[in-house]
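# Coordinates in review
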Amino acid sequence: MDLNQCGRSGFYLSAIGLGTLTWGRDTDGPEALEMLTHFVDAGGNFVECSASHGDGMAVDVLSEAMTSVGRHRVVVAWRGGVRRAADGNWVGAAGRGDLLRSLDDALARLDTDYVDAWMVEPRVDVPLAETLEAASLAYRSGRARYVGVSRASHWQLAEAVTRGELGACAPITLVEFPFSLANAACARTVSELSARGIGVVAASALAGGALTGKYRHTTPADSRAASPHLRHTVEPYLAGPARAVIEAASRAGAGLERSTGDVALAWVRDYPGVSTALVGPRTVRQLDALLDCSDPLPAPIRQVLSEVAQ
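Everything in this summary refers to the structure shown in the same document. (Residues numbered from 1 in each chain as written. Predicted model: local features only at pLDDT ≥ 70, side-chain atom pairs only at ≥ 80, totals over all residues. Heavy atoms only, no water.)

## Quick word on the overall build of the protein chain
The cut-off we apply is this: Helix and strand labels come from DSSP, where a helix needs a run of H or I of at least four residues and a strand needs a run of E of at least two; each type is numbered from the N terminus. We compute the radius of gyration over the C-alpha atoms and compare it with the globule rule, which gives 2.2 Å times the number of residues raised to the power 0.38. By the convention used here, residues are in contact when the closest approach between their heavy atoms is within 4.5 Å. Method for areas: the Shrake-Rupley scheme with a 1.4 Å probe, in which residue coverage is limited to the protein chains shown. Charge counting follows a simple rule: Lys and Arg are positive, Asp and Glu are negative, and His as well as the terminal groups are ignored. Each charge is placed at NZ for Lys, CZ for Arg, CG for Asp and CD for Glu.
Across its full length, the protein chain carries 10 helices and 12 strands. For the protein chain, whose C-alpha radius of gyration is 19 Å, the value lies close to the compact-globule estimate of 19 Å for 310 residues. Overall size of the protein chain, expressed as C-alpha extent along the three principal axes, is 50 × 40 × 40 Å. When contacts within the protein chain are restricted to residue pairs at least 6 apart in sequence, those whose partners lie at least 24 apart make up 75%. Taken as a whole, the protein chain presents about 13,400 Å² of accessible surface, with 51% of it coming from carbon and sulfur. Each charge sign in the protein chain was given a centre, from 29 positive and 35 negative side chains, and these centres are 4 Å apart.

## As for unusual backbone geometry
Heads up, the rule is: Remark: exposure states derive from per-residue accessible area (1.4 Å probe, protein chains only) relative to the maximum for the residue type, with buried under 20%, exposed over 50%, and partly exposed in between.
With a phi angle near 60°, Asp 55 is a residue other than glycine that sits in the positive phi range. Judged by relative accessible area, which is 56%, Asp 55 ranks as exposed. The residue Asp 111 is not glycine, and still its phi comes out positive at about 55°. Within the element layout of this structure, Asp 111 appears in the loop between helix 3 (96-110) and strand 8 (115-120). Judged by relative accessible area, Asp 111 falls into the exposed class, the value being 68%.

## Digging into the pairing of strand 3 (residues 16-19)
Spelled out, the test is: We call two strands paired when DSSP finds no fewer than two bridges between them.
Residues Ile 16 and Leu 18 of strand 3 are buried on one face, and the alternating residues Gly 17 and Gly 19, pointing to the opposite face, are buried as well. Relative to strand 12 (residues 274-279), strand 3 runs parallel, the two being bridged by three bridges. Paired with Leu 18 across the strands is Val 279, a residue of strand 12. As defined by bridge partners, strand 3 adjoins strand 4 (residues 46-50) across two bridges and the pair is classed as parallel. By the bridge assignment for strand 4, Gly 19 is matched with Glu 48.

## Here we look at the state of the cysteines
What counts here: Here, the term disulfide refers to a pair of cysteine sulfur atoms separated by no more than 2.5 Å.
For the structure on display, the rule yields zero disulfides. Of the cysteine sulfurs around Cys 186, a residue in no disulfide, the closest is that of Cys 6, at 17 Å.

## Points about the packing of aromatic side chains
To describe a pair of aromatic rings, one takes the distance between the centres and the angle between the planes. Keep this limit in mind: Working definition: rings of Phe, Tyr and Trp (its six-membered ring) pair if their centres are within 6.5 Å, and the pair is stacked with planes under 30 degrees apart, edge-to-face with planes over 60 apart, and tilted otherwise.
As enumerated under the stated definition, the model contains four aromatic pairs in all. Aromatic pair Phe 179 and Tyr 271: ring centres 5.1 Å apart, planes at 80°, arrangement edge-to-face. Of the two residues, Phe 179 sits in the loop between strand 10 (172-178) and helix 6 (187-195) while Tyr 271 sits in the loop between helix 8 (260-269) and strand 12, which places them 92 residues apart along the sequence. By the burial criterion, Phe 179 is buried, and Tyr 271 matches it.

## Some words on the pairing of strand 5 (residues 75-79)
Our working definition: Think of it like this: strands point away, you trace from the first strand over the helix to the second, and a clockwise trace means the crossover is right-handed.
Of all five residues in strand 5, five are buried; the element is thus mostly enclosed. Alternating residues of strand 5 divide into Val 75, Ala 77 and Arg 79 and Val 76 and Trp 78, and every residue in both groups is buried. Read as a crossover between parallel neighbours, the route from strand 4 over helix 2 (residues 58-69) to strand 5 is right-handed. Two elements, strand 5 and strand 8, share three bridges in a ladder whose sense is parallel. Among the inter-strand pairings, Ala 77 is bridged to a residue of strand 8, identified as Ala 117.

Here it is in structure tokens:
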């Protein structure tokens, strides 16, 4: 698997990134270890995790798996932070104290001194400057080697990048947001960030699995769309314009003798400006099928799919 330079930084990410959304709840520890082993053996390094993944258990599963494969083989991207709400539940956090406590808890559970990247998530109820200051403190202390922003609005993203360029906060090296054939509205943002020397993490690169084509005719009983706690990651792509994109990818796959998922992943993986395409398979079998995706798409096919998507 190729390693891509993240923007103009010295940070290199595998072309395909591995998400841990299901680890600890839908994917047990032994299977997660096998997945991580297959991933790094194939040349992958970028693994994204957050405090909410796997109902809070993914971080511990990742820690155990990294102990087996070796911390040095994994680029850990930690996303966001959490705080405990008045009702006792954990919710996303963007305040300085909550963010730093959440990061320190993650470092302790991961048994590491640093995360390779910390992608903070801005919130409208907290000043962006405060959120970025927390990230900058972690950056200056070495607890976060690189700083990024995840799921920010265009205004928040513009402000964060500008602050970083002016030295008002740690430089923004990478930005994460959903980007795929079924969610290509952000294509211009990818190009603009690339021009500024910032890498893009294409989250939900297969639209929650919808771009594998598995939901074209039915909903498999063991799929995300049939799961009460994962259904929301797929439902936006099961109707409307996304269906036309999925059908186009399916037809392209049939003509190229490749799977629908192979075609869709190749499109986003090779999109100019994308540093890594993030996927979240639940099983080793699903991961291995994605790792087999390596050939680029023929230019005419790419062009047609881009026109359909946008």
